[in-house]
Amino acid sequence: MQQHERGAFADLLTDVMAYYGKDVSEFLLGVWWNACESFDMSQVSKAIQKHACDPERGQFAPKVADVVRALQGTSTDRAALAWGKVLEAMSAVGAYTDVVFDDPAIHAVIEDLGGWPKVCRTEVAELSYVQHRFQVAHKAYTERGQFDYQRRLAGDRSPDHEYSSRGIPLPRPALVGNRDSAIAVLKNGAVAGKTLITSLPKQAMQLLANTTTAQEQRA
């Protein structure tokens, strides 16, 4: 939803809560808006209608979690759908092409599994095991909410520096899933991997050496 739709969204939420005999405070409106802002107004309206028609849950006023669940599914559902997307890309794109998925959690999990080429070359006999690892990790990242991830999953090609040193642009990645969401993943991700690995500075090394020497002398 766009910011200019906030008034219409407030009217919708007020009408819905009035149906259940409840009021809408500014705080409650803010919570609902933050949770639903990434969805279309029509999607939110349909999800609320679906809740109201539910024979069991529809007896009670909807909560944010009810509507988000209807719009996104559970984290287990999303993990299963994400694996299906990866499985399709493995055969359609292949190990040699860079890929950008429309889900940052997919990027984080594939990095954990050893990278895009390795995942693509998974033996058929190991697919069920990799699928299990993928879905468990994807669920964990999704439920965490915020995490770092690599903006593009590199295929089995020459390293980036070989392109830049020759003034050659990096090969275009294949966008998997919703195009706009994949571009957002590419834009917001990190160049390096999600785990920061650095070397200990010389000053810290010297301090460590001095501390070790002092401990040995006292021993």
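Refer to the structure printed above.
Computed from a predicted model, the values in this text were never measured in an experiment.

Conventions we followed
- The written sequence of each chain sets the order in which its residues are numbered from 1.
- A pLDDT threshold of at least 70 governs which residues receive local features in this predicted model, and a stricter bar of 80 or more applies before side-chain atom pairs are shown or counted, although totals over entire chains, interfaces and linings include all residues.
- To get the side-chain values, take all heavy atoms of the structure and skip hydrogens and water.
- Among buried residues, those of type Ala, Val, Leu, Ile, Met, Phe, Trp, Tyr and Cys that are joined through side-chain atoms within 4.5 Å constitute a nonpolar core.
- Working definition: with a 1.4 Å probe on protein chains only, accessible area under 20% of the residue-type maximum means buried, over 50% means exposed, and in between means partly exposed.
- The way it works is that DSSP assigns letters per residue, a run of H or I at least four long becomes a helix, a run of E at least two long becomes a strand, and they are numbered from the N terminus.
- In this description, a disulfide is simply a cysteine sulfur pair whose atoms lie within 2.5 Å.
- For this document, the term salt bridge refers to a Lys or Arg side-chain nitrogen within 4 Å of an Asp or Glu carboxyl oxygen.
- Pairing of aromatic side chains requires ring centres within 6.5 Å, counting the rings of Phe and Tyr and the six-membered ring of Trp. Pairs whose planes differ by under 30 degrees are stacked, by over 60 edge-to-face, and all others tilted.
- Pairs of N or O atoms are called polar contacts if they sit within 3.5 Å, as long as, within protein, a hydrogen donor faces a hydrogen acceptor (for residues adjacent in sequence, only side-chain-to-side-chain pairs).
- By definition in these notes, contact holds between two residues if any of their heavy atoms fall within 4.5 Å.
- To get an axis, a line is fitted to the C-alpha atoms, and for a helix only the part in contact is used. The angle between two axes follows their N-to-C directions and goes from 0 to 180 degrees.
- Small angles under 35 degrees read as roughly parallel and large ones over 145 as roughly antiparallel, with 65 to 115 read as roughly perpendicular and the rest as oblique.
- Helix crossings are classified by the rotation of the near helix relative to the far one: an anticlockwise turn of less than a right angle makes the crossing left-handed, while a clockwise turn makes it right-handed.

**Q** Help me understand the nonpolar core in this model?
**A** If you look at soluble globular proteins, the nonpolar side chains tend to sit buried side by side. In this structure, Val86, Phe101, Ile106, Ile110, Trp116 and Phe134 are the most contacted members of the largest nonpolar core, which totals 28 residues. Broken down by secondary-structure element, the contributors of at least two residues to this core are helix 5 (75-92), strand 1 (99-101), helix 6 (104-112), helix 7 (116-120), helix 8 (127-144) and helix 10 (179-188). Listed in part, the 20 residues of the second largest apolar core include Ala10, Tyr20, Ile48 and Val68.

**Q** Explain the state of the cysteines here, please?
**A** What makes a disulfide is a covalent bond joining the sulfur atoms belonging to two cysteines. Within the structure shown, the criterion is met by 0 disulfides. Of all cysteine sulfurs, the one in Cys53 lies closest to Cys36, which takes part in no disulfide; the gap is 18 Å. In this structure Cys36 comes out as buried when scored by relative accessible area, which is 0%.

**Q** Just checking my understanding: could you explain the pattern of salt bridges for this structure?
**A** Oppositely charged side chains are able to pair whenever their charged atoms sit close together. For the structure on display, the rule yields 5 salt bridges. In this structure, Lys85 engages Asp102 in a salt bridge whose closest nitrogen and oxygen atoms are separated by 2.9 Å. Of the two residues, Lys85 is situated in helix 5 and Asp102 in the loop between strand 1 and helix 6; the sequence distance between them amounts to 17 residues. Look at Asp102 and you get buried, because its relative accessible area is 16%. Measuring nitrogen to oxygen at the nearest pair gives 2.8 Å for the salt bridge that ties Asp98 to Arg152. Of this pair, Asp98 sits in the loop between helix 5 and strand 1 while Arg152 sits in the loop between helix 8 and helix 9 (160-165); the two residues are 54 residues apart in sequence, bridging distant segments of the chain.

**Q** I keep staring at the packing of aromatic side chains and nothing clicks. Help me out?
**A** For any two aromatic rings, the description comes down to two numbers: the centre-to-centre distance and the angle of the planes. If you walk through the whole model with that rule in mind, you get 6 aromatic pairs. Between the aromatic rings of Tyr19 and Tyr20, the centroid separation amounts to 4.9 Å while the plane-to-plane angle is 85 degrees, which identifies the pairing as edge-to-face. The exposure class of Tyr20 is buried, given its relative accessible area of 17%. Between the aromatic rings of Phe147 and Tyr149, the centroid separation amounts to 6.3 Å while the plane-to-plane angle is 65 degrees, which identifies the pairing as edge-to-face. An identical accessibility class is assigned to Phe147 and Tyr149; each is buried. In textbook terms, an aromatic cluster arises when at least three aromatic residues are bridged by ring pairs, as seen for Tyr141, Phe147 and Tyr149.

**Q** Help me understand the side chain of His51 in this model?
**A** Here His51 is to be found in helix 3 (residues 41-52). A distance of 3.3 Å separates a polar side-chain atom of His51 from the backbone oxygen of Arg57. One polar contact links the side chain of His51 to the main-chain carbonyl oxygen of Phe60, over a distance of 2.9 Å. Leave out the neighbours within four places in its chain, and His51 touches Tyr20, Arg57, Gly58, Phe60, Ala61, Pro62 and Asp66.

**Q** Explanation requested: the packing of helix 2 (residues 26-36) against helix 4 (residues 64-72) in the structure shown.
**A** When two helices pack together, their arrangement is given by the angle between the helix axes and the distance between those axes. Running from N to C, helix 2 and helix 4 cross one another at 15 degrees; their axes reach a closest spacing of 10 Å. Put simply, helix 2 runs roughly parallel to helix 4. Every pair of crossing elements has a handedness; the one defined by helix 2 and helix 4 is right-handed. Facing Val31, Trp32, Ala35 and Cys36 of helix 2, the residues of helix 4 in contact are Val64, Val67 and Val68.

Read these as spatial facts, not as claims about activity.
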